[in-house]
Every structure is written in C-alpha cells, then in structure tokens.
Amino acid sequence: EAAVTQSPRNKVTVTGGNVTLSCRQTNSHNYMYWYRQDTGHGLRLIHYSYGAGNLQIGDVPDGYKATRTTQEDFFLLLELASPSQTSLYFCASSAQGDTQYFGPGTRLLVL
Amino acid sequence: GDQVEQSPSALSLHEGTGSALRCNFTTTMRAVQWFQQNSRGSLINLFYLASGTKENGRLKSTFNSKESYSTLHIRDAQLEDSGTYFCAAEGWGSNAKLTFGKGTKLSVKS
C-alpha cells in the first residue's frame with residue numbers, strides 16, 4: 001500500500017481561485033515536503049515541516065501557504081491561484097537525514 | 001548558479017549497453033539521492049548515499065563528498081530504464097532540504 005498519498009490527482013481552477021492540495025503519509029516520518037516540478041527547473045521546494053504545527057519556508061514559497069495538522073497530514077494552500085502556479089506538485093516524507101519518499105503527484109491547471 | 005549541475009541533459013542508449021550520469025555540486029553536500037521518473041510521472045527512489053558506493057542490480061551509484069560529485073552507472077540498459085533521472089543533494093545544515101538537478105532524460109532503444 002502506498003505510503004505517501006496525494007489528493008486530488010488532477011485539479012483545474014481559475015485565476016483567483018482557492019485550492020487546497022492534500023498529502024498523507026503513513027511512514028511515521030517527521031519531515032514532510034511540498035515541491036513543484038516545471039519543465040526546465042526540475043523539482044523545487046515550496047514548504048516543508050518537521051512535525052505537526054511546524055512550517056519551514058522552502059526555496060519558492062511566494063503565493064503558497066502550508067499547514068501540518070498532524071504527523072500524517074500536510075496541506076498546500078493556494079488562496080489566489082495564478083496561471084504561473086500551473087504545475088505538477090509532489091509531496092514527500094522522510095526521517096531526518098534519510099531517504100525522501102514521494103507521492104504520485106497532483107497536476108494543477110490554473111486557467 | 002545552480003548548486004546541483006547534472007549531465008548529460010539527454011542520453012540515448014541501445015538495449016544492452018551502459019553509460020554514466022553525473023552530478024557536480026558547487027558546495028559540499030552531506031548526502032545525495034537518485035530518482036527515476038517514469039512515463040507516468042512517478043518518482044522512484046534508486047539510491048540514498050551519505051558516502052561511498054551502492055549497487056542494486058544493473059545500477060550503481062557513487063558519492064564523493066570531498067570532490068563534490070556523484071555518479072549513477074547503468075549497465076545492460078533495458079527498455080524499461082527509459083525515463084528521466086534526477087539527482088538531489090542535501091547540504092550540511094540544510095535541515096534535510098534537497099536541491100534537485102534538472103535531470104537526465106534517458107531513452108533506451110531496441
């Protein structure tokens with residue numbers, strides 16, 4: 001059974017829309033991450049967390065909020081979506097100083 | 001500039017042959033991870049190395065932190081090896097953050 005799941009798998013919204021991407025991990029990992037993947041840029045870190053209630057800023061945080069409600073659940077929030085946020089979003093989890101395990105990804109299209 | 005420079009950006013192999021992918025780091029890194037992204041977009045873990053060499057089947061990876069590079073060797077390439085390969089490095093004091101290279105797109109042909 002997949003240890004990192006993401007929902008939805010695909011999402012279409014309009015400019016200015018409100019979007020929440022969800023991630024759940026059953027690895028008992030402390031660390032969780034949100035990345036975006038765009039052609040020509042590889043994967044870039046948006047936000048990450050090392051425990052419930054904790055939030056750390058990644059490398060491309062502008063326009064995104066995140067919330068870690070439990071050890072298992074990490075959410076990415078786009079409160080005013082823009083076309084530049086059209087991307088493939090990945091969630092990952094890890095223990096400290098160990099392999100990151102990725103979810104299947106969410107494709108977001110902002111019209 | 002980029003902290004993780006990955007080469008080549010694209011590679012074509014015939015079945016049964018092999019090659020090496022490389023990542024150079026502009027700063028000292030604590031660990032490196034290699035992934036394959038398949039045609040469905042899934043990221044598959046290949047290796048995590050804090051030093052030395054690991055081998056798994058037809059794949060072998062080395063991480064030389066002192067000289068700031070890592071390699072991924074593929075031997076006896078198969079069609080299912082096609083995809084994009086990423087290295088990602090964790091810096092010292094980076095609080096477990098990974099910085100990704102831009103990937104190597106591998107095509108294996110019969």
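On a predicted model such as this, the values are computed, not experimentally measured, just so you know.

Novice: A description of the overall build of chain B should follow, citing residues and the corresponding values.
Specialist: Counting its regular elements, chain B contains zero helices and eleven strands. Along chain B, from the amino end to the carboxyl end, the secondary structure elements read β-β-β-β-β-β-β-β-β-β-β. Counting over 110 residues, chain B shows a buried share of 46%. Residue pairs at least 24 apart in sequence account for 55% of intrachain contacts in chain B once pairs closer than 6 positions are excluded. Surface summary for chain B: the accessible area is close to 5300 Å², and the carbon and sulfur share equals 45%.

Novice: Could you give an account of the pattern of salt bridges, naming the residues involved and the relevant values?
Specialist: Between side chains of opposite charge, a pair can form when the charged atoms approach closely. Residue and element names in this part refer to chain A. This model, assessed by the stated rule, comprises seven salt bridges over all chains. Residue Asp 73 pairs with Arg 24 through a salt bridge whose shortest N-O separation is 2.8 Å. Of this pair, Asp 73 sits in strand 8 (residues 73–78) while Arg 24 sits in strand 3 (residues 19–25); the two residues are 49 residues apart in sequence, bridging distant segments of the chain. Judged by its relative accessible area of 11%, Asp 73 falls in the buried class. One network of salt bridges, in which partners are shared, links Arg 36, Asp 38 and Arg 44.

Novice: Give me the lowdown on the state of the cysteines, citing residues and values where you can.
Specialist: Two cysteines form a disulfide when their sulfur atoms are joined by a covalent bond. Residues and elements named next belong to chain B. The final tally for this structure, using the stated rule, is two disulfides over all chains. Each sulfur of the disulfide joining Cys 23 and Cys 87 lies 1.8 Å from the other. Around the S-S axis, the bridge from Cys 23 to Cys 87 shows a dihedral of about -100 degrees and counts as left-handed. Pair noted here: Cys 23 is in strand 3 (residues 19–25) and Cys 87 is in strand 9 (residues 83–91), with a separation of 64 residues, a long-range link. Judged by relative accessible area, Cys 23 falls into the buried class, the value being 0%.

Novice: Any chance you could break down the packing of aromatic side chains for me, citing the residues and the numbers?
Specialist: Note on aromatic pairs: each is described by the distance of the centres and the angle between the planes. Residue and element names in this part refer to chain A. Per the counting criterion, the structure on display carries 14 aromatic pairs over all chains. Judged by centre distance (6.5 Å) and plane angle (35 degrees), the rings of Trp 34 and Phe 74 are tilted. Separated by 40 residues along the polypeptide, Trp 34 in strand 4 (residues 31–38) and Phe 74 in strand 8 bring together distant segments of the chain. On the basis of relative accessible area, Trp 34 is assigned to the buried category, the value being 0%. We classify Phe 74 as buried; its relative accessible area is 0%. Taking 5.4 Å as the distance between ring centres and 35 degrees as the angle between the ring planes, the aromatic pair formed by Tyr 35 and Phe 102 counts as tilted. Remark: Phe 102 occurs in strand 10 (residues 101–102) and Tyr 35 occurs in strand 4; sequence separation between them is 67 residues. Comparing Tyr 35 with Phe 102, the two get one shared label, buried.

Novice: Report on the interface of chain A and chain B, specifying residues and quantitative values.
Specialist: Listed per partner, the contact involves 21 residues of chain A and 18 residues of chain B. At the boundary of chain A with chain B, the tally comes to one salt bridge. For Asp59(A), the salt bridge is made with Lys97(B), and the minimal N-O distance between the two is 3.2 Å. Counting every contact that joins chain A to chain B gives four residue pairs in polar contact (both at pLDDT 80 or more). Of all the secondary-structure elements, those providing two or more residues to the side of chain A that touches chain B are strand 4, strand 5 (42–49), strand 9 (87–94) and strand 10 of chain A. Along the lines of polarity and charge, the residues of the side of chain A that touches chain B split into eleven nonpolar, eight polar and two charged.

The rules behind the values
Sequence order as written defines the numbering, with residues in each chain counted from 1. To read the labels, note that chains go from A and ligands from 1, taken in the order they are written. Local features in a predicted model are, by the rule used here, given only for residues with pLDDT of at least 70; side-chain atom pairs are given and counted only at 80 or more, and totals for whole chains, interfaces and linings are based on all residues. Hydrogens are left out, water is left out, and the side-chain values use all remaining heavy atoms of the structure. Elements are defined by DSSP. Helices are runs of H or I of four residues or more, strands are runs of E of two residues or more, and each kind is numbered from the N terminus. Throughout, exposure labels follow a simple rule: accessible area from a 1.4 Å probe, protein chains only, divided by the maximum for the residue type, with under 20% read as buried, over 50% as exposed, and the rest as partly exposed. Throughout, a contact is declared for two residues whenever any of their heavy atoms are within 4.5 Å. What sets the accessible areas is the Shrake-Rupley method with a 1.4 Å probe; for residues, cover comes only from the shown protein chains. For salt bridges, the criterion is a side-chain nitrogen of Lys or Arg within 4 Å of an Asp or Glu carboxyl oxygen. The definition used for a disulfide is geometric: two cysteine sulfur atoms within 2.5 Å. Each Phe, Tyr or Trp ring (for Trp, its six-membered ring) is paired with any other whose centre lies within 6.5 Å, and the angle between the two planes then decides the class: stacked below 30 degrees, edge-to-face above 60, tilted in between. We call two N or O atoms a polar contact when they sit within 3.5 Å, provided that within protein one can donate a hydrogen and the other can accept it, with sequence-adjacent residues counted only if both atoms are side-chain atoms. Throughout, the ten residues Ala, Val, Leu, Ile, Met, Phe, Trp, Tyr, Cys and Pro are labelled nonpolar, Asp, Glu, Lys and Arg are labelled charged, and all others, Gly among them, are labelled polar.

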